[in-house]
Amino acid sequence: MIYADYAATAPMRPAAVKVMTAMLEEVYGNPSSLHGPGQAASAALSSARRTIAECLGAAPSELYMNSGGSESDNQALRSAALAGAAKGKRHIISTVIEHHAVLNTLEKLRQEGFSVELLQPDEDGIVTADQVKRAIRPDTALVSVMYANNEIGTILPVREIGAVCREASVLFHSDAVQAAGHLPIRVGEDCVDYLSVSAHKFGGPKGVGALYVRKGAPLASLIEGGAQERGKRAGTENVPGIAAMAAALRESCDRMEEENGRVMALRDALTDGLLRIPGTRLNGSRTRRLPGNVNICFEGLEGESLLLLLDSRGIAASSGSACASGSLDPSHVLTAIGLSKTLARGSLRFSLGPGNTAEEIREIVSAAAWAASRLRSMMRP
């Protein structure tokens, strides 16, 4: 099997598997317990928190461990909204291309009386800092703009947007689920107040993530119960998962420059090869995009049909966000950047990672050309 769906989830890194296995077997205590096994678990949790903080340029006390990106997005948005409402500020700014964890939470907040303004990107999927600056009002409580788009791979100008928000004293959240471990994130320089990350996107286990919260930024609890995570996220911490997340992020950051150079070369070769197939077009910026992301539309074809044919040839790809799988609607990201619904339904997302090779890229291009040709021949009268 050729795996080209790293944006949906990445295989666990060997270092993460090793750490997690050791923790499951040896560090079994509850980190809130005062006895020896509990304190060993607490020490492992603290060590993992320090590692993750170092990778993001944060202080360990600014990280809250949780179940992943969706929980982080929900907690950040609701915390900022509640704090804003207490001051009479009920206006929230985001973009139409956010992940549904953000968009659906914003819709809930809209139903609760908040005013939500979604900015439109350009044809490459970029929302500018100037757009955000013009949208900010005296009653703006929060701006939420993703670090990099999960479908088309476009990297947003988060640092510039963060500077605009900081100058206007508006809280700023960024969903960095696709960026963490793949782009050099420094939360201080990016001027973010909240940042969401998820372990399984960079080779950690599923069901584990973290929310960065700048010191002094408001944070409300989503889950009530015990005093874990300084009283802001109840529930016994998943120490093996958190330790594995830290190991995966550490390795991803340490090898980022080398791996990104190799993966970008594969990405560009795949892009060039796919664009030689008649009736194709690249979605998103050619240059300002995640190292491993290639999103291509095949005019007149259905993405799901192409995926099934590719799967029959041992190639795993995607037709968009894995979280939207099963939806009959075309990608909201692709329609937002100007594609028709018909063209958007013919999109494929290939996302590459450490396990891919140049030979695999050639096989993907060959299989995609075969699949497109076969489907088009079946459509001819």
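Our subject is the structure listed above.
One structure accompanies this document, and this report is about it. Remember, predicted model here, so these are calculated numbers, not experimental data. (Residues numbered from 1 in each chain as written. Predicted model: local features only at pLDDT ≥ 70, side-chain atom pairs only at ≥ 80, totals over all residues. Heavy atoms only, no water.)

1. Let's talk about the packing of aromatic side chains
Both the distance between ring centres and the angle between the ring planes are used here to describe each pair of aromatic rings.
Okay, so step 1: All chains considered together, the criterion is met by 1 aromatic pair.
Okay, so step 2: Judged by centre distance (5.3 Å) and plane angle (65 degrees), the rings of Tyr3 and Tyr6 are edge-to-face.
Okay, so step 3: Residue Tyr3 is classed as partly exposed on the basis of its relative accessible area, which comes to 25%.
Okay, so step 4: For Tyr6, a relative accessible area of 13% corresponds to the buried category.
Okay, so step 5: For the cation-ring pair, Arg90 lies above Phe114, with the distance from its terminal atom to the ring centre recorded as 4.2 Å.
Okay, so step 6: Over the aromatic face of Trp370 sits the side chain of Arg313, whose NZ or CZ is 4.7 Å from the ring centroid. (Phe/Tyr/Trp six-rings, centres within 6.5 Å; stacked < 30°, edge-to-face > 60°. Buried < 20%, exposed > 50% of the residue type's maximum accessible area, 1.4 Å probe, protein only. Lys NZ or Arg CZ within 6 Å of the ring centre and 35° of its normal.)

2. Focus on the nonpolar core
Okay, so step 1: In this structure, Val132, Val143, Ile185, Leu195 and Met245 are the most contacted members of the largest nonpolar core, which totals 63 residues.
Okay, so step 2: Here Met245 is in contact with Ile52, Met65, Ala199, Phe202, Pro205, Val208, Gly209 and Ala210, once residues within four sequence places are set aside.
Okay, so step 3: Leu270, Leu352, Ile364 and Leu375 belong to the second largest nonpolar core, which has 29 residues in total. (Core = buried A, V, L, I, M, F, W, Y, C linked by side-chain atoms within 4.5 Å. Contact = heavy atoms within 4.5 Å.)

3. With respect to the packing of helix α2 (residues 36-56) against helix α9 (residues 239-254)
Okay, so step 1: Put simply, α2 and α9 touch, their axes get as near as 9 Å, and they point 30 degrees apart. One way to sum up the angle between α2 and α9 is to call them roughly parallel. The handedness of the crossing between α2 and α9 is left-handed. For the pair formed by α2 and α9, the contact residues are Ala41, Ala44, Leu45, Ala48, Thr51, Ile52, Glu54 and Cys55 on the first element and Val239, Ile242, Ala243, Met245, Ala246, Leu249, Arg250 and Cys253 on the second.
Okay, so step 2: Here the contact of α2 with α9 is built from residues that sort into 13 nonpolar, 1 polar and 2 charged. (Axes fitted to C-alpha atoms, helices over the stretch in contact; angles between N-to-C directions. Helix = DSSP H or I, 4+ residues; strand = E, 2+ residues; numbered from the N terminus. Parallel < 35°, antiparallel > 145°, perpendicular 65-115°, else oblique. Left-handed = near helix turned anticlockwise from the far one by under 90°. Nonpolar A, V, L, I, M, F, W, Y, C, P; charged D, E, K, R; others polar.)

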